[in-house]
Amino acid sequence: MNKKLRKAVIAGNWKMNKTRSEAKSLIEELKPLVANADCDIVVCVPFTNLETALDASKGSNIKVGAQNCHFEKSGAFTGEISADMLVEMGVEYVVIGHSERRQYFGETDVTVNKRTRAAIDAGLTVILCVGEMLEDRELAITDELVAMQTKIALNGVSKNELSKIIIAYEPVWAIGTGKTATSAQANEVCAVIRTTIEKIYDKAAADAMTIQYGGSMNAANAAELVAQPDVDGGLIGGASLKASDFAVIIDAASK
Ligand code: 13P
């Protein structure tokens, strides 16, 4: 598989952090640090910060994403946001199927597929999250589970539409725990996902797919992780909340 065919994407998932004023400061601080980056940069911010983030990042190489969207276009879905609402604002990316949504908000592989479909239909690029729990890894079912999550999420997605998909492999046991997957473990599962794409579509589709690693990626371990042949960048939580740390990760992915 040829890594040169793909551009690395470094995305920050701010989760439920930062007020609007803090969001503005963080993006203003980040802009000059990453102006010469040779990778794509996305910040996925809380809904309330989208407008601020879009304004602050205007004219820069920083793109803005949301952290979820609903699968229906509109209707009686209190508390939800549709993909069209995001697109109208100028949002380009959306995180779908994050493990925190699966764990705490009843997200299933089927709803992940529906949200993915809706986001693509609206014109968004989806950062699709898959990953195993610690129990799954201990049962040695990581490969099967991640392949299944990938297959279900991409049900009904055509080969042409894959250019609007980034897959993020995030082992749940490594998220926010400071326990990073080793670069070998990260690469192994990213390769499983790539093989799954090849089986569903073809080798060209697998070669072109950006597959990120996420889970306690930080300024110290990013270089080794993103250097792996099947790891095309990262989805970063905690370390994306500090401009200097996030910039080091972006720098590592630009090499
Ligand atoms: P941490 O980088 O804080 O472990 O979070 C990873 C993550 O969940 C990104 O979506």
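This text follows the structure it describes.
Not measured: the values here are computed from a predicted model.

Novice: I'm lost on the overall build of the chain in this one. Help?
Specialist: From N to C terminus, the chain includes eleven helices and eight strands. For a compact globule of 255 residues, the expected C-alpha radius of gyration is about 18 Å, and the chain comes in at 17 Å, within 12% of that figure. With the C-alpha coordinates of the chain rotated into their principal frame, the extents come out at 45 × 45 × 35 Å. For the chain, the residues scored as buried account for 53% of the 255 residues in total. In the chain, 73% of the contacts between residues at least 6 apart in sequence involve partners at least 24 apart. Between the mean site of the 27 positive side-chain charges and the mean site of the 33 negative ones, the chain shows a separation of 3 Å.

Novice: Just checking my understanding: could you explain the site of the ligand for this structure?
Specialist: Taken together, 13 residues form the shell around the ligand, and within it Lys-15, His-98, Glu-170, Gly-176 and Ser-216 come nearest. A distance of 2.8 Å separates an oxygen atom of the ligand from a polar atom in the side chain of Lys-15. When the free accessible area of the ligand is taken as 310 Å², the share hidden by the protein chains comes to 94%.

Novice: Hey, could you run me through the pairing of strand β2 (residues 40–44) in this one?
Specialist: Two faces belong to every sheet, and in a regular strand the side chains alternate between them. Counting buried residues in β2 gives four out of five residues, a clear majority hidden from the surface. Of the pairings in the sheet, the one linking strand β1 (residues 9–13) to β2 comprises five bridges and is parallel in character. Within the sheet, the bridge partner assigned to Ala-11 lies in β2 and is Val-42. A crossover links β1 with its parallel partner β2, the connecting element being helix α1 (residues 20–34), and its sense is right-handed. The pairing of β2 with strand β3 (residues 62–66) spans four bridges and is classified as parallel. Note that in β3 the partner of Ile-41 across the bridge is Ile-62. For the segment spanning β2, helix α2 (residues 50–57) and β3, crossover handedness is right-handed.

Rules and cut-offs
Residues numbered from 1 in each chain as written. Predicted model: local features only at pLDDT ≥ 70, side-chain atom pairs only at ≥ 80, totals over all residues. Heavy atoms only, no water. Helix = DSSP H or I, 4+ residues; strand = E, 2+ residues; numbered from the N terminus. Rg over C-alpha atoms; globule rule 2.2 N^0.38 Å. Buried < 20%, exposed > 50% of the residue type's maximum accessible area, 1.4 Å probe, protein only. Contact = heavy atoms within 4.5 Å. Lys, Arg positive; Asp, Glu negative; His and termini not counted. Charge placed at Lys NZ, Arg CZ, Asp CG, Glu CD. Near = heavy atom within 4 Å. Polar contact = N/O pair within 3.5 Å; in protein donor to acceptor, adjacent residues only side chain to side chain. Areas by Shrake-Rupley, 256 points an atom, 1.4 Å probe, with all protein chains shown as cover. Pairing = 2+ DSSP bridges. Right-handed = clockwise from strand over helix to strand, strands pointing away.

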